[in-house]
Amino acid sequence: MTSPPPLSGIRVLELAGLAPGPFAGLLLADYGATVLRLDRATPETHSPNPPPPTRDQLTRRKSSIAVDMRSPGGLSFIKALIPHVDILIDPFRPGVLEKAGLCPKTVLTALNPRLIVARMTGFRRDGKYAQMAGHDINYIAVSGVLSMLGRAGEKPYAPGNILGDFAGGGAVCFMGILLALIERQRTGRGQVVEANMVDGSAYLATFPRLGRKTWSWGGERGMNVLDGGCPYYDTYETKDGGFMAVGSLEPQFFAALLKGLGIKSSDLPGPREDPSTWKELRELFTRIFKSKSRAEWERIFDGTDACCTPVLTQGELEEQGYDQRPIVTLRDSPALAIIPDVEQESDIGIRAAKGQGAGVEGKGWEEDGLSPGVGGEEVLEKWMGWKRGRQFEVGSGGLVSKQTSKL
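Residues numbered from 1 in each chain as written. Predicted model: local features only at pLDDT ≥ 70, side-chain atom pairs only at ≥ 80, totals over all residues. Heavy atoms only, no water.

**Quick look at the overall build of the protein chain**
Filter applied, for reference: Secondary structure elements follow DSSP: runs of H or I of four or more residues count as helices, runs of E of two or more count as strands, with numbering from the N terminus. Categorising residues by exposure relies on relative accessible area from a 1.4 Å probe, with only protein chains included: less than 20% of the type maximum marks a residue as buried, more than 50% marks it as exposed, and the intermediate range marks it as partly exposed. All accessible areas in this document rest on Shrake-Rupley with a 1.4 Å probe, and a residue is counted as covered only by the protein chains that are shown. For the purpose of charge, His is not counted, nor are the chain termini; Lys and Arg are scored as positive and Asp and Glu as negative. We put the charge of a Lys on NZ, of an Arg on CZ, of an Asp on CG and of a Glu on CD.
For the protein chain, the count of helices and strands is 14 helices and 11 strands. Sorting the 407 residues of the protein chain into buried and exposed places 45% on the buried side. A total of about 21,300 Å² of accessible surface is found on the protein chain, and carbon and sulfur atoms cover 53% of it. Separation of charge centres in the protein chain, based on 48 positive and 48 negative side chains, amounts to 6 Å.

Below, the structure written as structure tokens:
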């Protein structure tokens, strides 16, 4: 029998931000938590004609309220709300909450000793970068990770903002929140969770960092086994402009690759383990892969152990109806589904992998976003029974405590 998602009943107040903070909130929402985003107040919020959605697209299953935390009424409202939530996600630079009068270590934990305050920063909170602005590329740069990414003889290459913002940032913050929830079950107390993208991305790079003093990653950037230096761990263009990905590291997989490519061992320029042969071997692979279309290579390698697969684009996957799934499968208490009609799946394991519930609009391929102030008042009523005109009012586009609504 399927149980509700494991975070059902958990209340999250997500202070509005972009990328890592909202991603942590999205993960919490997918596993059953109710996530209420706190947006900036504007004249249109909490009105019949709300403002357009913000740039944040990581809004699946979330609702919004707008509050001006710099106003006495807004600050009072937030303080009144804090005792009723389990988790607060803080995406701001160091000192912002303290300046607003919401210091986690003094004010917030005093209001709610069970509160978990998840603080997400880019740089570490100590050191010369602590007060500087930055983005993903800066965080992975000072972590040492960016220096390891890129082709030989070329400048370092940043892989979008996946490694810092989402893997080393939002996902690590999510993990910290879960650890704090486990600790709270034991002690009854919440705590401050501090995640930053420098340490997060550096930790993710543990394997290549340790590999610098071994044969596997001891060369210069782009000249190692897993960073584009090795010809049997690389991508190759096909006749029609597509690409195939090759990861034939083990001898038996390499043998299957050669069979599919129609290459005899005697055709090789030398032992595959010898880096001096890699340039010529890559040229050989490049020439052969260009002789057929991607579809032809797929037919050759599908079902084999050559570790050779097509490089599929997001557009192709969407057109093919690829089903987006939660990040990890819980067999007995799955996450909420992203796609609809999951209950029609007959295989129990696959059904758990796809999640539970009705799914969402866009099926994980598109998101309309969330307008500030939309849906939040309903959440407040569900959580605490609060209603406009009783516990709070709207002032200057944001919610304020009823007691201070005239300030």
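Additional details are given in the paragraphs that follow.
**Section: the sheet that holds strand 3 (residues 63-66)**
Rules: When DSSP finds two or more bridges between two strands, those strands count as paired. The axes used here are C-alpha line fits, helices contributing only the stretch in contact, and every angle between their N-to-C directions lies in the interval 0 to 180 degrees.
One open sheet accounts for 6 strands, arranged 3-2-1-4-5-6; its pairing is parallel. Edge strands, defined here as strands with exactly one partner in the open sheet, are strand 3 and strand 6 (192-196). Pairwise comparison of adjacent strand axes, ignoring direction, gives a mean angle of 20° for this sheet. Pairing of strand 4 (residues 87-90) with strand 5 (residues 116-121) involves 4 bridges; the strand directions are parallel. What sits directly across from Ile 87, in strand 5, is Ile 116.

**Some thoughts on a negative patch on the surface**
Heads up, the condition is: Think of a patch as exposed residues, more than 30% relative accessible area, with no salt bridge, where like charges cluster within 9 Å and nonpolar side chains (Val, Leu, Ile, Met, Phe, Trp, Tyr) cluster within 5 Å. The term salt bridge refers to a side-chain nitrogen of Lys or Arg lying within 4 Å of a carboxyl oxygen of Asp or Glu.
Taken together, the side chains of Glu 318, Glu 319, Glu 361, Glu 366 and Asp 368 make up a negatively charged region of the molecular surface. Residue position: Glu 361 is located in the loop between helix 13 (348-354) and helix 14 (376-384).

**Structural notes on the sheet that holds strand 9 (residues 308-310)**
To keep things clear, this is the line we draw: In what follows, a contact means two residues having at least one pair of non-hydrogen atoms within 4.5 Å.
Taken in spatial order, the 3 strands line up as 7-8-9 in an open sheet, and their pairing is antiparallel. Two strands lie at the open edges of the sheet, namely strand 7 (233-237) and strand 9, each paired on one side alone. For this sheet, the mean inter-axis angle between neighbouring strands, taken without regard to orientation, is 25°. As judged from the 5 bridges shared by strand 7 and strand 8 (residues 243-247), these two strands associate in the antiparallel manner. If you follow Thr 235 over to strand 8, its bridge partner there is Ala 245. Along the sheet, helix 10 (residues 278-289) contacts strand 7, strand 8 and strand 9; its crossing angle with strand 7, the most-contacted strand, is approximately 40°. Its contacts with the sheet place helix 11 (residues 294-301) against strand 8 and strand 9, and it is angled at close to 35° to strand 8.

**Things to note about the packing of helix 9 (residues 251-261) against helix 11**
Operational definition: Oblique is the label for any angle not covered by the other classes, which are roughly parallel (under 35 degrees), roughly antiparallel (over 145) and roughly perpendicular (65 to 115). It is the rotation of the near helix from the far one that decides the hand of a crossing: anticlockwise by less than a right angle makes it left-handed, clockwise makes it right-handed. Just so you know the grouping, Ala, Val, Leu, Ile, Met, Phe, Trp, Tyr, Cys and Pro go in nonpolar, Asp, Glu, Lys and Arg go in charged, and all remaining residues, Gly too, go in polar.
For the pair helix 9 and helix 11, interaxial distance at closest approach is 10 Å and the crossing angle is 130°. In terms of their interaxial angle, helix 9 and helix 11 are classed as oblique. For the pair helix 9 and helix 11, the sense of crossing is right-handed. Contact residues: Ala 256, Leu 257, Gly 260 and Leu 261 in helix 9; Trp 297, Ile 300 and Phe 301 in helix 11. Partitioning the contact of helix 9 with helix 11 into residue classes produces 6 nonpolar, 1 polar and no charged.

**Brief notes about the packing of aromatic side chains**
Using the following cut-off: The criterion for an aromatic pair is that two Phe, Tyr or Trp rings (for Trp, the six-membered ring) have centres within 6.5 Å, with stacked assigned to planes under 30 degrees apart, edge-to-face to planes over 60 apart and tilted to the rest.
Here the structure, examined in full by the defined rule, presents 11 aromatic pairs. On the basis of an interplanar angle of 65° and a centroid distance of 5.2 Å, the ring pair of Tyr 232 and Phe 254 is categorised as edge-to-face. Of the two residues, Tyr 232 sits in the loop between helix 8 (206-211) and strand 7 while Phe 254 sits in helix 9, which places them 22 residues apart along the sequence. You can call Tyr 232 buried: its relative accessible area is 6%.

**A look at the nonpolar core**
Note the following rule: Side-chain atoms within 4.5 Å link the members of a nonpolar core, which is a set of buried Ala, Val, Leu, Ile, Met, Phe, Trp, Tyr and Cys residues.
In this structure, Leu 7, Val 12, Leu 28 and Ile 87 are the most contacted members of the largest nonpolar core, which totals 29 residues. Among the elements of the structure, helix 1 (20-30), strand 4, strand 5, helix 6 (162-187), strand 6 and helix 7 (197-204) are those that each provide at least two residues to this core. Top contributing element to this core by residue count: helix 1, with 6 residues. The residues contacting Ile 87, other than those within four sequence positions of it, are Ile 10, Arg 11, Val 12, Leu 13, Leu 28, Leu 115, Ile 116, Ile 177 and Leu 181.

**Looking at helix 9**
How we decide: It is the directions from the helix axis to the C-beta atoms whose arc is reported.
Within the sequence span of helix 9, burial applies to Phe 254, Leu 257, Leu 258 and Leu 261. For helix 9, the arc enclosing every buried residue in end-on projection is 95°, short of the 170-degree limit, so these residues lie on one face. Packed against the buried residues of helix 9 are strand 8, helix 10, helix 11 and strand 9.

**Digging into unusual backbone geometry**
Even without being glycine, His 46 reaches a positive phi, approximately 60°. As for its position among the elements, His 46 is in the loop between strand 2 (34-39) and strand 3.

**Looking at the pairing of strand 3**
Taking every second residue as pointing to the same face, both faces of strand 3 are buried, with Ser 63 and Ile 65 on one and Ser 64 and Ala 66 on the other. As judged from the 4 bridges shared by strand 2 and strand 3, these two strands associate in the parallel manner. Across the sheet, residue Asp 39 finds its bridge partner in strand 3, namely Ala 66.

Note that all results are geometric; they support no functional claim without further evidence.
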